[in-house]
Amino acid sequence: VLTAAHCFSGSVNSSDYQVHLGELTVTLSPHFSTVKRIIMYTGSPGPPGSSGDIALVQLSSPVALSSQVQPVCLPEASADFYPGMQCWVTGWGYTGEGEPLKPPYNLQEAKVSVVDVKTCSQAYNSPNGSLIQPDMLCARGPGDACQDDSGGPLVCQVAGTWQQAGVVSWGEGCGRPDRPGVYARVTAYVNWIHHHIPEAGGSGMQGLPWAPLLAALFWPSLFLLLVSGVLMAKYWLSSPSHAASEL
């Protein structure tokens with residue numbers, strides 16, 4: 001499961017977490033996967049706005065794929081999520097600044113557009129230079145990720161398949177026109193992800209010949225990792241010739 005490292009700032013003990021698969025609403029379902037290991041790029045969570053805000057969660061047992069539980073496509077390391085490209089971010093976080101999600105806690109989605117590095121760097125300039133690092137990707141709406149959306153997926157459609165371009169990381173406020181949302185840039189970590197997830201055999205997922213990846217949606221107030229099947233309905237395949245069909 002791919003998520004953000006800062007989601008584990010409260011604890012890096014794998015027994016403190018559960019992974020709920022295929023959920024569209026937040027529930028304390030008795031059906032969940034336990035966590036075997038948490039792998040963070042930096043070894044430990046950094047402060048907000050840090051580089052390396054990415055983590056993998058290894059589950060204790062294989063996941064049975066279904067119509068609601070599917071892996072997401074990883075992009076190539078050279079993939080270009082160009083400025084203006086339309087993407088989607090999902091989560092159960094706040095719907096606006098100071099506005100927590102209301103019952104029945106349905107999964108939310110927002111359309112955003114990729115912002116060029118220069119514009120985002122200027123938006124987050126500081127006396128010590130820009131806060132935007134090469135491993136960060138920016139996007140803005142009017143929709144936006146917000147508090148409690150941390151670790152969630154930013155997905156973009158490329159050649160008919162959904163690819164995960166980013167992981168919700170940080171930002172100033174929610175949906176402010178001059179403050180894009182900032183994501184961990186997945187292309188910067190593709191090689192690291194491949195290193196930890198073998199591409200053949202022992203992938204821990206039933207029904208796929210290649211190692212897949214699940215995108216995580218994290219809600220700290222419930223101390224759970226919840227994985228939705230809405231925008232994760234694509235297989236991670238080894239070449240474009242194996243394009244998966246949409247749900």
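Our structure is the block above this text.
Only a predicted model underlies this, so the values are computations on that prediction, with no experimental measurement involved. (Residues numbered from 1 in each chain as written. Predicted model: local features only at pLDDT ≥ 70, side-chain atom pairs only at ≥ 80, totals over all residues. Heavy atoms only, no water.)

For Asp-144, the position within the fold is in the loop between strand 10 (136-140) and strand 11 (153-158). With no salt bridge to any partner, buried Asp-144 finds its closest opposite charge in Arg-176, at an N-O distance of 8.1 Å. For Asp-144, the side chain forms a polar contact with the main-chain nitrogen of Gly-175, separated by 2.8 Å. Not counting chain neighbours up to four residues away, the residues in contact with Asp-144 comprise Val-89, Ala-110, Val-112, Gly-173, Cys-174, Gly-175, Gly-181 and Tyr-183. (Helix = DSSP H or I, 4+ residues; strand = E, 2+ residues; numbered from the N terminus. Buried < 20%, exposed > 50% of the residue type's maximum accessible area, 1.4 Å probe, protein only. Lys, Arg positive; Asp, Glu negative; His and termini not counted. Salt bridge = Lys/Arg side-chain N within 4 Å of Asp/Glu carboxyl O. Polar contact = N/O pair within 3.5 Å; in protein donor to acceptor, adjacent residues only side chain to side chain. Contact = heavy atoms within 4.5 Å.)

A regular strand carries its side chains on alternate faces of the sheet. Looking at chain direction, strand 2 (residues 18-21) and strand 3 (residues 33-40) are connected through two bridges and run antiparallel. Note that in strand 3 the partner of Gln-18 across the bridge is Thr-34. Of the pairings in the sheet, the one linking strand 3 to strand 4 (residues 55-59) comprises five bridges and is antiparallel in character. Bridging from a neighbouring strand, Val-35 pairs with Leu-59 of strand 4. (Pairing = 2+ DSSP bridges.)

On to the sheet that holds strand 7 (residues 108-115). Around the barrel, which closes on itself, the six strands sit in the order 6-7-10-13-12-11 with antiparallel pairing between neighbours. In this sheet, adjacent strand axes meet at a mean angle of 45° when their direction is disregarded. Pairing between strand 12 (residues 161-170) and strand 13 (residues 181-185): four bridges, direction antiparallel. Looking at the pairing, Val-168 lines up with Tyr-183 of strand 13. (Axes fitted to C-alpha atoms, helices over the stretch in contact; angles between N-to-C directions.)

Leu-2, Phe-8, Val-57, Val-167, Val-186, Trp-192 and Ile-193 are the most contacted members of the largest nonpolar core, which totals 28 residues. Mapped by element, the contributors of at least two residues to this core are strand 3, strand 4 and helix 2 (190-196). Counting residues in each nonpolar core, the second largest holds 15 residues, with Phe-81, Met-85, Ala-110 and Leu-154 among its members. (Core = buried A, V, L, I, M, F, W, Y, C linked by side-chain atoms within 4.5 Å.)

On to the side chain of Gln-164. Relative to the helices and strands, Gln-164 resides in strand 12. Assessed through its relative accessible area of 0%, Gln-164 is described here as buried. One polar contact links the side chain of Gln-164 to the main-chain carbonyl oxygen of Gly-166, over a distance of 3.1 Å.

Bringing unusual backbone geometry into the picture now. The step from Pro-103 to Pro-104 runs through a cis peptide bond, and the omega angle for that step is 10°. Along the chain, the position of Pro-104 falls in the loop between strand 6 (86-91) and strand 7. In this structure, Tyr-105 takes a positive phi of about 60° despite not being glycine. Within the fold, Tyr-105 resides in the loop between strand 6 and strand 7. On the basis of relative accessible area, Tyr-105 is assigned to the partly exposed category, the value being 31%. Within the chain, Asp-148 stands out as a residue other than glycine whose phi angle is a positive 75°. The class for Asp-148 is buried, based on a relative accessible area of 15%.

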